[in-house]
Amino acid sequence: MTVVIDDRPAAASERLDRFSRLYYGFSGETLRLIQAVVAGPPDACAVQLCEYVAAGADHLVLRLGDLEGSNLLGPLAGVADRVRSSSTGHALASAKEDR
């Protein structure tokens, strides 16, 4: 799935759209229709990814949906830590409460 992490949801959507248009040749909106996309603030991204884990996913393959992907490595590490801890159920429960 494609992941774009940005504290500002609108900026995450804009970054996703720019990435999708250059990488695939169509809008981010279209990308959301044909593949899994997680975009938004770190906590919101963690919630969405934790839902896949809660549904039984053993592995998540993430594509950095940003032309400057190195900018996402730090935030992605934080999100990944939260998702890893979701196997106990605590991270998922607290993430849902934050929504």
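What counts and how
Residues numbered from 1 in each chain as written. Predicted model: local features only at pLDDT ≥ 70, side-chain atom pairs only at ≥ 80, totals over all residues. Heavy atoms only, no water. Helix = DSSP H or I, 4+ residues; strand = E, 2+ residues; numbered from the N terminus. Expected span 1.5 Å × (residues − 1). Buried < 20%, exposed > 50% of the residue type's maximum accessible area, 1.4 Å probe, protein only. Pairing = 2+ DSSP bridges.

Our next topic: helix 3 (residues 42-54). In an α-helix, one full turn covers 3.6 residues, which means residues spaced three or four apart are oriented alike. For helix 3, spanning 13 residues, the distance from its first C-alpha to its last is 18 Å, which sits close to the expected 18 Å at 1.5 Å a residue. Every buried residue of helix 3 is accounted for by Cys45, Ala46, Val47, Leu49 and Cys50. Positive phi appears at Gly56, one or two residues downstream of helix 3, with a value of about 115°.

On to the environment of Ala10. The topology assignment puts Ala10 in helix 1 (residues 9-23). Remark: the alpha-carbon pair of Ala10 and Pro41, spanning 31 residues in sequence, is separated by 9.9 Å.

In this section: the sheet that holds strand 3 (residues 63-64). As summarised here, the arrangement of the three strands in space is 2-1-3, forming an open sheet in which the pairing is parallel. Bordering the open sheet on either side are strand 2 (37-40) and strand 3, each of which pairs with just one other strand. Across two bridges, the pairing between strand 1 (residues 2-5) and strand 3 is parallel. The partner of Val3 across the bridge, within strand 3, is Leu64.

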